[in-house]
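An overview of the molecular structure
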Amino acid sequence: MANVLVIAELFEGKVRKGSLSAITFAQQAAPMVGGGYDILVAGTGAKAAAASMTGYGAESVLVADLPDYVAEVYAPVVAGAGKGYKIVCATATTFGKDLMPQVAEHLKAGMASDVVKVVQEGGPTYVRPMYAGNVLAHVKVKTPIQVVTVRQTEFEAAAPGGGASPVKDAPAAPATAAAARVKVAGFEKVVSARPELTDARVIVSGGRGLKSGENFKIIEALADLLHGAVGATRAAVDAGFAPNDLQVGQTGKIVAPQLYIAVGLSGALQHLAGMKGSKVIVAINKDPEAPIFSVADYGLVADLFQAVPALTEQIKKVL
Ligand SMILES: Cc1cc2nc3c(=O)[nH]c(=O)nc-3n(C[C@H](O)[C@H](O)[C@H](O)COP(=O)(O)OP(=O)(O)OC[C@H]3O[C@@H](n4cnc5c(N)ncnc54)[C@H](O)[C@@H]3O)c2cc1C
């Protein structure tokens with residue numbers, strides 16, 4: 001019997017790769033609550049997308065075809081499907097962070113968010129960072145249903161293991177007053193040839209040291225050469241140098257690429273909270289005392305306006 005329900009996130013009719021981390025979490029948590037897991041595919045084009053989820057070891061794949069995403073419409077459907085499970089989980093993407101607190105409210109369930117580990121201590125105990133990652137809290141949720149979001153960088157993407165889970169319709173949810181009050185006016189799609197920050201193998205991030213949005217071109221050239229994504233600090237975003245969706249950190253995106261190149265950023269705690277899990281960190285900063293050097297594998301004390309173009313030219317020669 002399935003005791004864990006994984007919420008898969010859809011984008012343009014496909015399940016996002018990030019959802020595979022929630023499946024890995026479910027594989028670890030399900031034995032702790034004595035059972036297996038189901039996957040709920042909810043969104044526009046869910047029926048077609050459900051087929052891509054049948055090889056991940058779920059007892060069933062549930063489908064709810066829904067209009068464009070707003071939490072007020074999705075939360076009652078997800079909560080309706082989640083009744084009877086012990087854990088309802090999703091990855092802590094922007095979607096998961098927005099949706100799951102409302103799901104918890106509908107289920108009158110306690111919630112553990114941004115979980116990095118689950119351990120068996122007479123039932124699941126959730127480990128989650130607090131105070132910008134300086135403390136790891138061990139959390140027990142005492143309600144009959146537990147709502148959880150998991151940090152994508154801490155749970156490997158699940159690999160399809162064969163098998164064929166049956167596909168079923170999710171139970172219909174009653175219309176709510178909140179859902180009737182909201183409507184999607186439209187979407188503005190960000191078109192970029194660069195990879196998504198959370199999927200990128202290489203990220204080049206810039207901070208206030210870049211001094212202007214125009215100067216971000218310096219790090220964009222390096223990122224493009226390495227087929228990477230561009231990131232930014234909150235200070236750079238607040239100053240208008242880079243758009244909000246590029247922010248890395250406690251209140252931005254959590255990333256763990258193979259290579260993170262930090263340019264002209266100091267390495268404030270809240271920034272480190274979003275990138276210190278990166279495999280290799282390179283820092284370029286003119287201040288030898290900058291805290292970013294304390295987490296860097298390679299550090300270059302230099303003026304970025306000379307060092308980054310020179311580095312880009314050298315890499316061009318060897319590629
Ligand atoms: C609740 C809360 C949440 C936050 N969330 C986030 C978050 O998610 N992400 C985030 O990034 N921040 C976050 N912050 C802000 C954070 O505390 C810092 O203010 C911010 O990260 C600093 O950005 P920065 O490193 O670009 O700027 P600064 O700290 O001003 O650093 C600029 C760096 O550039 C270097 N520099 C300047 N000129 C050059 C040059 N020519 N060559 C080389 N180096 C140069 C300087 O030596 C300096 O180290 C948050 C803060 C709070 C309170």
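What counts and how
- Residues numbered from 1 in each chain as written.
- Predicted model: local features only at pLDDT ≥ 70, side-chain atom pairs only at ≥ 80, totals over all residues.
- Heavy atoms only, no water.
- Near = heavy atom within 4 Å.
- Polar contact = N/O pair within 3.5 Å; in protein donor to acceptor, adjacent residues only side chain to side chain.
- Areas by Shrake-Rupley, 256 points an atom, 1.4 Å probe, with all protein chains shown as cover.
- Nonpolar A, V, L, I, M, F, W, Y, C, P; charged D, E, K, R; others polar.
- Axes fitted to C-alpha atoms, helices over the stretch in contact; angles between N-to-C directions.
- Helix = DSSP H or I, 4+ residues; strand = E, 2+ residues; numbered from the N terminus.
- Parallel < 35°, antiparallel > 145°, perpendicular 65-115°, else oblique.
- Left-handed = near helix turned anticlockwise from the far one by under 90°.
- Contact = heavy atoms within 4.5 Å.
- Buried < 20%, exposed > 50% of the residue type's maximum accessible area, 1.4 Å probe, protein only.
- Pairing = 2+ DSSP bridges.
- Right-handed = clockwise from strand over helix to strand, strands pointing away.

Focus on the site of the ligand
The local shell around the ligand holds 26 residues, among which Arg208, Thr233, Thr251, Ser266 and Asn285 are the closest. Thr251 places a side-chain nitrogen or oxygen 2.6 Å from a nitrogen atom of the ligand. Within the backbone of Gly252, an N or O atom sits 3.4 Å from an oxygen atom of the ligand. In isolation the ligand has 990 Å² of accessible area, and contact with the protein removes 77% of it. Of the residues that constitute the shell around the ligand, the class distribution is seven nonpolar, 13 polar and six charged.

Structural notes on the packing of helix α6 (residues 216-225) against helix α9 (residues 304-318)
Two elements in contact, α6 and α9, have axes whose closest approach is 10 Å; the angle formed by their N-to-C orientations is 25°. Here α6 is positioned roughly parallel relative to α9, judged by the angle of their axes. Pair α6 / α9 crosses with left-handed handedness. Between α6 and α9, the residues in contact are Ile218, Ala221, Leu222 and Leu225 and Phe305, Val308, Pro309, Leu311, Thr312, Ile315 and Lys316, respectively. A breakdown of the residues in the contact of α6 with α9 according to their chemical character gives nine nonpolar, one polar and one charged.

Details of the side chain of Gln146
Considering the arrangement of structural elements, one finds Gln146 in strand β11 (residues 146-150). In this view, Gln146 contacts Lys86, Ile87, Val88, Gly110, Pro124, Tyr126 and Val141; residues no more than four positions away in its chain are not counted.

Quick word on the pairing of strand β13 (residues 202-206)
Among the five residues that make up β13, five are buried, leaving the element largely enclosed by the rest of the structure. Residues Val202, Val204 and Gly206 line one face of β13 and the alternating positions Ile203 and Ser205 line the opposite face, and both faces are buried. Taken together, the four bridges between β13 and strand β14 (residues 229-232) define a ladder with parallel strand orientation. Each residue of the ladder has a partner; that of Val204, found in β14, is Val230. Handedness of the crossover joining β13 and β14 through α6 is recorded here as right-handed.

Quick look at the sheet that holds β11
Spatially, the seven strands line up as an open sheet ordered β7-β11-β6-β1-β4-β5-β12, and their pairing is parallel. Of all the strands in the sheet, the pair left with one neighbour each is β7 (110-115) and β12 (167-169). Pairs of neighbouring strands in the sheet enclose a mean axial angle of 25°, with direction left out of account. Contacts between helix α1 (residues 19-29) and the sheet are confined to β1 (2-8), β4 (36-43), β6 (87-91) and β11, with β6 contributing the most and set at about 145° to the helix. On the sheet, helix α3 (residues 71-82) packs against β1, β4, β5 (61-65) and β6 and is oriented at approximately 160° with respect to β4.

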